[in-house]
Amino acid sequence: MALKKPVAYYLTFTIFAALKTLLILYIMQLSEQEIIRREKLGALRNLGIEPYPANLFPVDTTSKQVKEDFSEGKKVVLAGRIMSFRIQGKASFAELQDSEGRIQLYVNRDEICPGEDKTKYNEIFKKLIDLGDFIGVEGKLFTTQVGEKSVWVTDFTLLSKTLRPLPMPKTDAEGNTFDGFTDPELRYRQRYVDLVVNPQVKEVFVKRTKLFSAMRNFFNDKGYFEVETPILQSIPGGASARPFITHHNSLDIPLYMRIANELYLKRLIVGGFDGVYEFSKNFRNEGMDRTHNPEFTAMEIYVAYKDYNWMMDFTENLLEHCAQAVNGTTEATFGEHKVNFKAPYARVTMTDAIKQFTGFDITGKSEAELFEAARGMGIAVDETMGKGKLIDEIFGEKCEGNFIQPTFITDYPIEMSPLCKKHRENPELTERFELMVCGKEIANAYSELNDPIDQRERFEAQLKLSERGDVEAAQFIDNDFLRALEYGMPPTSGLGIGMDRLIMFLTNNPSIQEVLFFPQMRPEKKGPELTEDEKAIAELAKAAGQLALDALKQQAGLSGKKWDAAMKGLAKHGLLKVTLEGDTKTVEYKG
């Protein structure tokens, strides 16, 4: 049968129908607020306003600078997000949030619309601008009748339209916060939202930057060089950890994400640098918890012609300097503890620490004796553990948590330290220290092993432990590093500091996720799409855990029809469970 219209017509019609279907499906996934905001986006464009202009906006001050250098009548140009509105007919108040804080805006219809056309105020500002939108304002400073420093807006420009409503915490007269964006998983996944609605979070990351700057300046002032070493490595050396493995297509070889940068920094000491340091991103394919993230930042520094005694002095002076730079004091609060980073710090040998807290003397003990002692202390041990691992387990389980104030734990058994020089007075020990704070290690340092023959023997001993099943023992021998040592490395001391853990202590954050902008998270589970009413009820039920059905209905404040529809939807998604206990219906959140 001959077609009455050209093929192109039917093809166009089919494509249009498919696009329309996709559009409907897309809109169905949006909340009511998201749909309204997209409608406003279209309305703005219909008025000839570009919601995402390309040209710069000539900001000349910030909210903080306005308040610190306030002068009545001074002209200013600011930009930021609208965080609150108080629409009052011909005049309105709003609050603008920029990178430095918030400032009140006063917007008068006749000021921004001096002519007969009042569209900019009546339609755009009052109806098409939403909370969270970025605007730029020009105006002059004035003080309101209640004494608040404000900006009298003479003109404004929409700089970016937001399509998702921000969660907006509310505070009552007593200072209590409601509807806060406080769920940790949501905050870490959506750090961009967290930073907007929880401004105190930003202060943690400001202090993190101050820490890095203070440490960098301390090293630079002493003439040490900041360097960069490879992240992709052919051998994962410098620490005992399980690496991430990738593949280089062109070379057709496996490569490993860096677990430590130690061996490359020592190569530079061999090459003639007297002092080198690096802030390195390291990657370890191990567990995640409140103090461990698979990607983390470490600082390592190596200084020629020094030993671990010098490095202890250097470390306590460094951390005193950093604490002062970050917090303005050497004291810091961490949980229930007050910690003082002012030098000097206590120094305790590992042998004495274990003897103090367990009564057991590890000196001269065999692997079998250590195994039985650890098991007798109730420590989980197995046959894969060598002497070093057994001692490490005893110290970690029985001693570590007792050191609250900064304390150097020194002179580790040789089995625990394959890259460290033997102790000058006792060859069974090494010249190593770890700095403990609040029961956690934040620094590790050695008198570095520079005897290439001894180093090879230590590598081989580690390899044997790995073959026995010790997953933390080194699984490779870095022959190129051994070759570098054979060319000669001067006496050297090295220090490593976990930067993430250090800033946790300086900002009183018990979780490493709080000090990383974007911590590693498990894959996001896609939850059901809920209506605004369903979301409101679900949040109330989640906060309560379990409550009476009547109480939930009263808190929700919905009409009967809306309440029934929302409860039906939540039941369908399996998020709420209603049970009858006597004469009372109880709701339990199951999300």
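Reading the values: rules and limits
Residues numbered from 1 in each chain as written. Predicted model: local features only at pLDDT ≥ 70, side-chain atom pairs only at ≥ 80, totals over all residues. Heavy atoms only, no water. Pairing = 2+ DSSP bridges. Helix = DSSP H or I, 4+ residues; strand = E, 2+ residues; numbered from the N terminus. Axes fitted to C-alpha atoms, helices over the stretch in contact; angles between N-to-C directions. Parallel < 35°, antiparallel > 145°, perpendicular 65-115°, else oblique. Left-handed = near helix turned anticlockwise from the far one by under 90°. Contact = heavy atoms within 4.5 Å. Salt bridge = Lys/Arg side-chain N within 4 Å of Asp/Glu carboxyl O. Buried < 20%, exposed > 50% of the residue type's maximum accessible area, 1.4 Å probe, protein only. Patch = residues over 30% accessible without salt bridge, like charges linked within 9 Å, V, L, I, M, F, W, Y side chains within 5 Å. Areas by Shrake-Rupley, 256 points an atom, 1.4 Å probe, with all protein chains shown as cover. Phe/Tyr/Trp six-rings, centres within 6.5 Å; stacked < 30°, edge-to-face > 60°. Lys NZ or Arg CZ within 6 Å of the ring centre and 35° of its normal.

Caption draft 1: Region of interest: the sheet that holds strand β4 (residues 134–143). On the basis of which strands lie adjacent, the closed barrel formed by five strands has the order β1-β2-β3-β5-β4 and mixed pairing. Across the sheet, the mean angle from the axis of one strand to that of its neighbour is 55 degrees, orientation sign disregarded. Bridging between strand β1 (residues 75–88) and β4 involves seven bridges; their strand directions are antiparallel. Bridge pairing links Gly80 to Ile135 in β4.

Caption draft 2: Up close: the packing of helix α8 (residues 199–221) against helix α10 (residues 308–327). Contact geometry of α8 with α10 gives a least axis separation of 9 Å together with a crossing angle of 140 degrees. By the criterion of interaxial angle, the relationship of α8 to α10 is oblique. Two packed elements cross with a definite hand, and for α8 against α10 that hand is right-handed. Between α8 and α10, the contacting residues are Lys207, Lys210, Leu211, Ala214, Met215, Phe218 and Phe219 on the first element and Phe314, Asn317, Leu318, His321, Cys322, Ala325, Val326 and Asn327 on the second.

Caption draft 3: Structural view of the pattern of salt bridges. Within this structure, the stated rule accounts for 36 salt bridges. A salt bridge links Glu278 to Arg258; the nearest nitrogen and oxygen atoms lie 3.4 Å apart. With a gap of 20 residues between them, Glu278 in strand β12 (residues 275–283) and Arg258 in the loop between β11 (253–257) and α9 (262–270) connect regions that are remote in the sequence. For the pair Glu278 and Arg258, a shared accessibility class is recorded, and that class is buried. Measuring nitrogen to oxygen at the nearest pair gives 3.7 Å for the salt bridge that ties Asp361 to Lys355. In this structure Asp361 comes out as partly exposed when scored by relative accessible area, which is 27%. Within the structure, one salt-bridge network assembled from shared partners comprises Lys40, Asp130, Asp133 and Lys161.

Caption draft 4: Representation of a nonpolar patch on the surface. On the surface, Tyr192, Phe517 and Phe518 cluster together into a nonpolar patch covering about 370 Å² of accessible area. Topologically, Tyr192 is positioned in helix α7 (residues 191–197).

Caption draft 5: Spatial organisation of the packing of aromatic side chains. Per the counting criterion, the structure on display carries 24 aromatic pairs. With 5.9 Å between their ring centres and 65 degrees between their planes, Tyr106 and Phe142 make a pair best called edge-to-face. With Tyr106 in strand β3 (residues 101–108) and Phe142 in strand β4, this residue pair connects regions lying 36 residues apart in the sequence. Phe142 carries the same exposure label as Tyr106, and that label is buried. Taken together, the ring pairs in this structure connect Phe212, Phe218, Phe219, Tyr224, Tyr277, Phe279, Trp310 and Phe314 into an aromatic cluster. The ring centre of Tyr264 lies 4.6 Å from the NZ or CZ of Arg267, which sits over that ring. The ring of Tyr412 is capped by Arg432, whose NZ or CZ atom sits 4.3 Å from the centre of that ring.

Caption draft 6: Main features of the environment of Leu502. By the element assignment, Leu502 lies in helix α16 (residues 499–507). In this structure Leu502 comes out as buried when scored by relative accessible area, which is 2%. On a C-alpha basis, the gap between Leu502 and Glu460 in space is 33 Å, while along the polypeptide they are 42 residues apart. When residues no more than four places from it in sequence are discounted, the contact partners of Leu502 are Leu211, Met215, Leu319, Ile442 and Ile497.

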